[in-house]
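# Secondary and tertiary structure notes
The primary structure of each chain is shown beneath.
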Amino acid sequence: MILEGKHIRSIARTADGKGIRILDQRQLPWEIRWVELRDLDAAAVAIREMWTRGAPMIGATAAYGLAMALAVDASDTGLDAAYAMLVETRPTAINLRWALEQVRTAVEGLPYGERAAAAYARADAICDEDAELCRAIGEHGLDLLRGLHARHPDRPLNILTHCNAGWLATVDYGTATAPIYLAHDAGIPVHVWVDETRPRNQGALLTAFELRNHGVPHTVIADNAGGLLMMQGQVDAVIVGTDRVTANGDVCNKIGTYLKALAAHDNGVPFYVALPYTTFDPATASGADIPIEARAPEEVTRLTGPDEAGRIATIRVTDSPALNPAFDVTPARLVTGYITERGVLDRI
Ligand SMILES: CSC[C@H]1O[C@H](OP(=O)(O)O)[C@H](O)[C@@H]1O
């Protein structure tokens, strides 16, 4: 999306076409560091260690990771080994498995010498498709926000979002942010309450960075402040992204999303989930069946970032044991609607 005044995507092929170029999101917003991933191992590390993250972005990176692997070993054994390594990097976002299956289907049955090119082509198409899907999510979400703003045209529309479901989490536009960007660009005054999103602070670090670059008014809040704001009538709608929506409409998303949905339900605030259908997983019956990624306790017990002098420091939040589930599940009954490329749906 907009970065340093230019419209760019969050992932692209390297100049020689063999690798990919992504932003190392661990350094944002303090440093805009583009990195080149040039083989399978680099792609796996980047996903597992969250250099790059967000369901569609994880899928796109994995797709190219498989292509890079096939450029080295296009045998069935090599394909299976690369697939297994990539699919194990993060268990929750369905886009990872979906994208790997797309590439595997595109190459299976081809002569070994044609597989790498077919894999790169499918990965390219996944990126182009994702950008278009997210733009369409934005268009349908724009209609929704236009209607919400018409109820009180005298003041900005206040949207609360959790984590980062922005263009950094996708190839372009984002999912939850796409309607926000399009509404802002259409002249609808919109303000965003940005949940900091402990423990990795994707909201305070990444969503706030995106909104600043796009010129969208926003305010970072502690995760625990959203309920009060809703009770005070300061939130017109909640829009979040998702890592997987199951057959019954349950929504898996960053830890803390469920608590926002409960507060929204209790205060009559509409709660929307924005997703491309590539994040819909009809093969999983309900949220109870989704593997919830458990990440390192140190993400909770330590904080790392620049001090006032710009020196990177790590502080100890606590020396006690910590539990760090990365996602939770919001039951479909708490979801007002799903903003998709096919429209805003009251059921998926
Ligand atoms: C558009 S998918 C965004 C989704 O992914 C994030 O998870 P993570 O930062 O761990 O990759 C979060 O759940 C976002 O809502």
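Residues numbered from 1 in each chain as written. Predicted model: local features only at pLDDT ≥ 70, side-chain atom pairs only at ≥ 80, totals over all residues. Heavy atoms only, no water.

### Some points on the site of the ligand
- Lining the immediate environment of the ligand, one finds 18 residues, of which Arg 53, Arg 90, Asp 243, Asn 253 and Lys 254 sit closest.
- Measuring from an oxygen atom of the ligand, one finds a side-chain N or O atom of Arg 90 at 2.7 Å.
- Asn 253 is positioned with one of its side-chain polar atoms (N or O) 2.5 Å from an oxygen atom of the ligand.
- Protein burial of the ligand: of its 410 Å² of free accessible surface, 100% is covered by the chains.
- Mapping the ligand onto the cavity grids shows that it belongs to the largest cavity.
- Listed by contribution, the elements that provide at least two residues to the shell around the ligand are α2 (55-70) and β11 (251-254).
- Of the residues that constitute the shell around the ligand, the class distribution is 7 nonpolar, 7 polar and 4 charged.
- A domain-level breakdown of the shell around the ligand finds at least three residues from each of domain 1 (2-129) and domain 2 (137-345). (Near = heavy atom within 4 Å. Polar contact = N/O pair within 3.5 Å; in protein donor to acceptor, adjacent residues only side chain to side chain. Areas by Shrake-Rupley, 256 points an atom, 1.4 Å probe, with all protein chains shown as cover. 1 Å grid on protein atoms, 1.4 Å probe; cavity = no way out; pocket = protein on both sides within 12 Å on 5 of 7 lines; lining within 4 Å. Sits in = over half its atoms within 2 Å of the grid points. Helix = DSSP H or I, 4+ residues; strand = E, 2+ residues; numbered from the N terminus. Nonpolar A, V, L, I, M, F, W, Y, C, P; charged D, E, K, R; others polar. Domains from an automatic or database assignment.)

### What to know about the domain arrangement of the chain
- The domain architecture assigned to the chain consists of domain 1 (2-129) and domain 2 (137-345).
- For domain 1 versus domain 2, the distance between C-alpha centres works out to 24 Å.
- Facing the 32 residues of domain 1 at the interface are 33 residues of domain 2.
- Taken together, both faces of the contact between domain 1 and domain 2 bury some 2,800 Å²; the carbon and sulfur share is 60%.
- Our count for the contact surface shared by domain 1 and domain 2 stands at 1 salt bridge. (Contact = heavy atoms within 4.5 Å. Buried area = accessible area lost by both parts, 1.4 Å probe. Salt bridge = Lys/Arg side-chain N within 4 Å of Asp/Glu carboxyl O.)

### Remarks on the sheet that holds strand β10 (residues 244-246)
- If you walk across this open sheet you meet the 4 strands as β13-β10-β11-β16, and the pairing is mixed. The sheet terminates laterally at β13 (280-281) and β16 (327-330), the two strands that pair on one side only.
- Here β11 pairs with β16 via 4 bridges, running antiparallel. Bridging from a neighbouring strand, Val 251 pairs with Thr 330 of β16.
- Each of β11 and β16 is contacted by helix α9 (residues 257-266), which is oriented at about 30 degrees to β16, the strand it contacts most. (Pairing = 2+ DSSP bridges. Axes fitted to C-alpha atoms, helices over the stretch in contact; angles between N-to-C directions.)

### Digging into the pairing of strand β7 (residues 190-195)
- Of all 6 residues in β7, 6 are buried, a share of seventy percent or more.
- Of the two faces of β7, the one carrying Val 190, Val 192 and Val 194 and the one carrying His 191, Trp 193 and Asp 195 are both buried.
- Both strand β6 (residues 157-161) and β7 contribute to a ladder of 5 bridges, which runs parallel. Within β7, the residue paired with Leu 160 across the bridge is Trp 193.
- Between the parallel elements β6 and β7, the chain passes through helix α6 (residues 177-185) in a crossover that is right-handed.
- The pairing of β7 with strand β8 (residues 218-221) spans 4 bridges and is classified as parallel. Residue Asp 195 lies in a different strand from β8, and its bridge partner there is Ile 221.
- Regarding the hand of the β-α-β motif, the stretch spanning β7, helix α7 (residues 202-214) and β8 is right-handed. (Buried < 20%, exposed > 50% of the residue type's maximum accessible area, 1.4 Å probe, protein only. Right-handed = clockwise from strand over helix to strand, strands pointing away.)

### Structural notes on the sheet that holds strand β17 (residues 337-340)
- Judged by pairing direction, the sheet is mixed, and its 7 strands sit side by side in the order β8-β7-β6-β9-β12-β17-β18 without closing on themselves. If you trace the sheet from one side to the other, it starts and ends with β8 and β18 (343-345), each paired once. On average, adjacent strands in this sheet sit at an angle of 25 degrees to one another, irrespective of strand direction.
- Sheet topology note: the strand β12 (residues 271-274)/β17 ladder contains 3 bridges and is parallel. By the bridge assignment, Tyr 272 is partnered in β17 with Gly 337.
- Running at roughly 160 degrees to β7, α7 makes contact with β6, β7 and β8 of the sheet.
- Contacts from α9 reach β6, β7, β9 (237-240) and β12, with the element oriented near 145 degrees to β12.

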